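# What the coordinates show
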Amino acid sequence: MRFRAVAVVAWIMLFAVFCVDALTPQTLVIAILLDIPIVLAALTRSRRLTATLVIAAIASDVIAAMLNAAHDGYRWDRIGLIDRALSVVSIGLVGYLSTVVQERSERVGRLAAQDARARREAALARAADAIRASLSVDLVTRAITHEALAALGVTGAAWYPSEATEAPLVARAGEADFGVPADRASAELVSLAQRATDAEGPVLVSGADPVGRFVLERLGARAALAIPIADRNRSFGTLVISSDDASDFDDTMATSARAYGRLALGALAQARLFAELAERNDALSQRTGVIRDLVYALSHDLRTPLAALGMTLHQARAGAYGALPHEYERVVDASTIAIDDLQRLAETLLLVARFEASERSIERSTIDVGALAVQIVAEFRAVAQTRTITLATRIDDAARIRADRGEIRRAIANLAANALQHTPDGGTVTVVVARHAGFVDVAVEDDGFGVDPSVRAALFERFATGATRAGGGTGLGLYIVRRIAEAYDGSVSYAPRAPRGSRFAFAIPEITP
C-alpha cells in the first residue's frame, strides 16, 4: 500500500514539473525539479520504477525543451540548452545513485532479516531446551507460557487450557514469575481459542473486529496472536501472545508462532504420555502387588494342611489304621504322590513370591558345594535308573560358598530334574562342580533334545516357552535358579552341546581363603 502511494505521488509530481517546465521560457529550466520524483522512487526500493521514472524524466526534459523553442519560433537559447544538458546529467546521476542506494538497502534488509531470523531461531532453541527440561505437564505448560516472551519477542503471553477445570496462566515481560489469574477465561477469549483451534493455525486479533477489541482490552495490548496447541486427536489449549506494538506481528512472526506451537505441542504430548504411562504403571504395580500377596498367602497357608494330609496318608499306607484293601492301597499311593506334587508347587510359589517381594534369606552357612551335589545326585539315582539314564558327577572337592543351604540345594535340584526330564532313555546327565576365576560353577550337562534357538534368550524367565518343566510343570524351575544365583551376586547361563544336548549352569562367588 505504501509502495503504491509513493509511486502515484512520484508520477503526479513528474507530470506537474513537466507542465510547468513546458510553459516557462527557455532560460528558466524547471527540469532540475525532476530529480525529486526519482528520489521518491528510491523509497519504494523498486529499481524498475526508478528506471522508468528516469526515462520519463529525460523524455519530459527533451519535450519541454522543444515546446519552449517552438514558443520562441524555434530559436534555441545557448544557455538554456546547456542547462537542459546539465539537468539530463543530473537526472541520470540521481537515478544511478538511487539505484545504488536501493541495492544497498536491499542488502542491508536481507542481512537484517537473516540476523532477525537467526536470533529467533536461537531464541526458539533456548525455549525448546527450557520447555523439554521437565516431564511434568504443569511445569511444561508454565514453561511454554513464560518462554514465549523471549522466544517470540512479545510483551505478554497467556495460556488458556482446553479443559474447563484447569486455570489459565499469564506471563508479562519484566516479571520474574507469573501466576494463575483469579478469574476464568472470558467468553471472548474462549471464542478466540475456539477460532484458533478450528483454523488449525495462528489467528491475528485485530482491533477492527468487535470481538478482537474486547480481547485486546482484556489483555491490555494493541495486538495479539492466538496459537492453538492441538493436533487432530487432541487439543491441549491456546497460547495467546500480545504486544504493545502492532508492527511486531508481521509475516515472520506468524512463521515463528507456528514453529513455537509445534514445539509446545510436542513437549506437552510427551509430558502427557509419560504421565499416562506412570498412572498405568502405578495401577499395574498395585495389581501385581495384590496378586503377589495372594499367592504368598495361599501358598503359605496351604503348606500346613498339605503336610498334615500327607502325613496321614503315609501313616495309613504303613498300616497305622489297620490293614487296607488292595484297591485302597492303590488309591492311597496315588493320593500320596498328588499331595507331594502339591507341596512342591506350594513351596515353589512361596519361593517365587518371596523373590518378587525382594525378600532375601538371612540364613548363611559355609557350603561344600561338591558334597551337596553328590547328595542330590544320590537322591535322583533311582529316577535315573528307571529310565536307564546314566547319572554322573565331576566334582571339585575344594568348591565352597557361603549361602542359604536350602536355596543352593533347590537350585542344583532344579537343574538336575530339568536335565532328567529332557533327556531320552539311555542318555547321560552329568553334574559338574568346578572353580573358575573366583566363582564356583555348578553345571548340569545332558545329551538330550536341546533347546530351540528361538527361545534360548528367555529360558530363565517366568513361564517362558522352552523353560524347565521341573517341579510339577510350573515353568518356574530355571527362573528360581536365576533368582537364587542373583541373590548371591552370581549369574546363570545356557550353552548347547555338540552333537546334541544342553548345558545349564549357575555361578556364585566362592569363599576367599
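As a starting point, this report considers the structure included with it. (Residues numbered from 1 in each chain as written. Predicted model: local features only at pLDDT ≥ 70, side-chain atom pairs only at ≥ 80, totals over all residues. Heavy atoms only, no water.)

### Here we look at the overall build of the protein
- Broken down by element type, the protein carries 13 helices and 12 strands.
- Counting the 513 residues in the protein, one finds 39% classified as buried.
- A separation of at least 24 residues holds for 66% of the contacts in the protein among residues at least 6 apart in sequence.
- Roughly 28300 Å² of accessible area belongs to the protein as shown, and the carbon and sulfur atoms make up 58% of that amount. (Helix = DSSP H or I, 4+ residues; strand = E, 2+ residues; numbered from the N terminus. Buried < 20%, exposed > 50% of the residue type's maximum accessible area, 1.4 Å probe, protein only. Contact = heavy atoms within 4.5 Å. Areas by Shrake-Rupley, 256 points an atom, 1.4 Å probe, with all protein chains shown as cover.)

### Concerning the pattern of salt bridges
- Going through the model one piece at a time under the given rule, you end up with 10 salt bridges.
- Across the pair arginine 435 and glutamate 510 runs a salt bridge, and its minimum N-O distance is 3.0 Å. Within this pair, whereas arginine 435 is found in strand β9 (residues 428-436), its partner glutamate 510 is found in the segment after β12 (502-509), the two being separated by 75 residues in sequence.
- On the accessibility criterion, arginine 435 (42% relative accessible area) is partly exposed.
- Among the residues examined, glutamate 510 registers a relative accessible area of 19% and is labelled buried.
- One salt bridge connects glutamate 445 with arginine 503, and the closest N-O pair in it is separated by 3.3 Å. Placement of glutamate 445 in strand β10 (residues 439-446) and of arginine 503 in strand β12 is noted, with a sequence separation of 58 residues between them.
- Judged by its relative accessible area of 10%, glutamate 445 falls in the buried class. (Salt bridge = Lys/Arg side-chain N within 4 Å of Asp/Glu carboxyl O.)

### Digging into the packing of aromatic side chains
- Under the defined criterion, the tally for this structure stands at 2 aromatic pairs.
- Both rings, one in phenylalanine 460 and one in phenylalanine 504, keep their centres 6.2 Å apart while their planes meet at 70 degrees; by these two values the pair is edge-to-face. Here phenylalanine 504 lies in strand β12 and phenylalanine 460 lies in the loop between β10 and α12 (470-473), a separation of 44 residues in the sequence.
- Residue classification places phenylalanine 460 among the buried positions, given a relative accessible area of 10%.
- Look at tyrosine 494 and phenylalanine 504: their rings are 4.9 Å apart centre to centre, the planes differ by 50 degrees, and that puts the pair in the tilted class. Taken together, the residues span a long stretch of sequence, with tyrosine 494 in strand β11 (residues 491-496) and phenylalanine 504 in strand β12 at a distance of 10 residues. The exposure classification of tyrosine 494 matches that of phenylalanine 504, with both residues buried.
- Here the aromatic cluster, defined as three or more aromatic residues joined through ring pairs, consists of Phe460, Tyr494 and Phe504. (Phe/Tyr/Trp six-rings, centres within 6.5 Å; stacked < 30°, edge-to-face > 60°.)

### Digging into the packing of helix α2 (residues 35-43) against helix α3 (residues 47-71)
- Interhelical geometry of α2 versus α3 gives an angle of 175 degrees and a closest axis separation of 9 Å. On the basis of the axis angle, α2 is roughly antiparallel to α3. Contacts between α2 and α3 involve Pro37, Ile38, Ala41 and Ala42 from the former and Leu49, Thr50, Leu53, Val54 and Ala57 from the latter.
- The residue inventory of the contact of α2 with α3, partitioned by class, reads 8 nonpolar, 1 polar and no charged. (Axes fitted to C-alpha atoms, helices over the stretch in contact; angles between N-to-C directions. Parallel < 35°, antiparallel > 145°, perpendicular 65-115°, else oblique. Nonpolar A, V, L, I, M, F, W, Y, C, P; charged D, E, K, R; others polar.)

### Quick notes on helix α10 (residues 369-386)
- Helix length check: α10, at 18 residues, gives a terminal C-alpha distance of 26 Å against a target of 26 Å (1.5 Å per residue), a fit within 8%.
- Helix geometry: α10 is bent most strongly at phenylalanine 380, by close to 45 degrees.
- Those residues of α10 lying buried are Val369, Gly370, Leu372, Ala373, Ile376, Val377, Phe380 and Ala384.
- On its buried face, α10 is in contact with β6 (365-368), β7 (390-395), β8 (400-403), α11 (405-421), β9 and β10.
- With a side-chain oxygen lying 3.2 Å from the backbone nitrogen of glycine 370, the N-terminal cap of α10 falls on aspartate 368.
- Within two residues after α10, threonine 388 carries a phi angle of roughly 55 degrees, on the positive side. (Expected span 1.5 Å × (residues − 1). Bend = angle between axes of the 7 residues up to and from the residue. Polar contact = N/O pair within 3.5 Å; in protein donor to acceptor, adjacent residues only side chain to side chain.)

### Details of a nonpolar patch on the surface
- A contiguous nonpolar patch, built from Val62, Met66, Tyr74, Trp76 and Leu81 and spanning about 550 Å² of accessible area, is present on the exposed surface.
- Following the sequence through the fold, valine 62 ends up in helix α3. (Patch = residues over 30% accessible without salt bridge, like charges linked within 9 Å, V, L, I, M, F, W, Y side chains within 5 Å.)

### With respect to the sheet that holds β11
- The mixed open sheet is built from 5 strands, whose spatial order is β7-β9-β10-β12-β11. Edge strands, defined here as strands with exactly one partner in the open sheet, are β7 and β11. Between one strand and the next, the sheet's axes are offset by a mean angle of 15 degrees, whatever the strand orientation.
- Strands in contact with α10 are β7, β9 and β10; relative to β7, the strand with the most contacts, it is inclined by about 175 degrees. (Pairing = 2+ DSSP bridges.)

### Topic: the pairing of β12
- Within β12, 6 of the 8 residues are buried, which leaves it mostly tucked inside the rest of the structure.
- The pairing of β10 with β12 spans 8 bridges and is antiparallel. Within β12, the residue paired with glutamate 445 across the bridge is arginine 503.
- Here β11 runs beside β12; their pairing, made up of 6 bridges, is antiparallel. Paired with alanine 495 across the strands is arginine 503, a residue of β12.
- A loop of 5 residues connects β11 with β12, the two strands running antiparallel in sequence, and glycine 501 in this loop sits at a positive phi of about 110 degrees.

### Comments concerning the nonpolar core
- Val369, Ile401, Ile408, Ile412, Phe504 and Phe506 are the most contacted members of the largest nonpolar core, which totals 44 residues.
- Residue contributions to this core peak at 8 residues, all from α11.
- Discounting chain neighbours no more than four positions away, the residues touching phenylalanine 504 are Leu415, Asn418, Val442, Ala443, Val444, Val451, Leu459, Phe460, Leu478, Ser493 and Tyr494.
- The next biggest cluster of nonpolar side chains, apart from the first, holds 34 residues, and it includes Ala127, Val154, Ile241 and Phe249. (Core = buried A, V, L, I, M, F, W, Y, C linked by side-chain atoms within 4.5 Å.)

### Considering the packing of α11 against helix α13 (residues 477-487)
- Between α11 and α13, the shortest axis-to-axis distance is 9 Å and the interhelical angle comes to 145 degrees. Here α11 and α13 pass one another in a crossing that is left-handed. In this structure, α11 uses Glu407, Ile408, Arg410, Ala411, Asn414 and Leu415 to contact α13, whose residues at the interface are Gly477, Leu478, Ile480, Val481 and Ile484.
- Classifying every residue of the contact of α11 with α13 gives 7 nonpolar, 2 polar and 2 charged. (Left-handed = near helix turned anticlockwise from the far one by under 90°.)

### Details of the sheet that holds strand β4 (residues 223-230)
- Spatially, 5 strands are ordered β2-β1-β5-β4-β3 in an open sheet, and the strand pairing comes out antiparallel. Lying at the two open borders of the sheet, with one neighbouring strand each, are β2 (169-172) and β3 (203-205). Neighbour-to-neighbour, the strand axes of the sheet open up by a mean angle of 20 degrees, direction not taken into account.
- Contacting β1 (156-161), β2, β4 and β5 (235-243), helix α5 (residues 137-152) crosses the sheet at an angle of about 30 degrees to β2.

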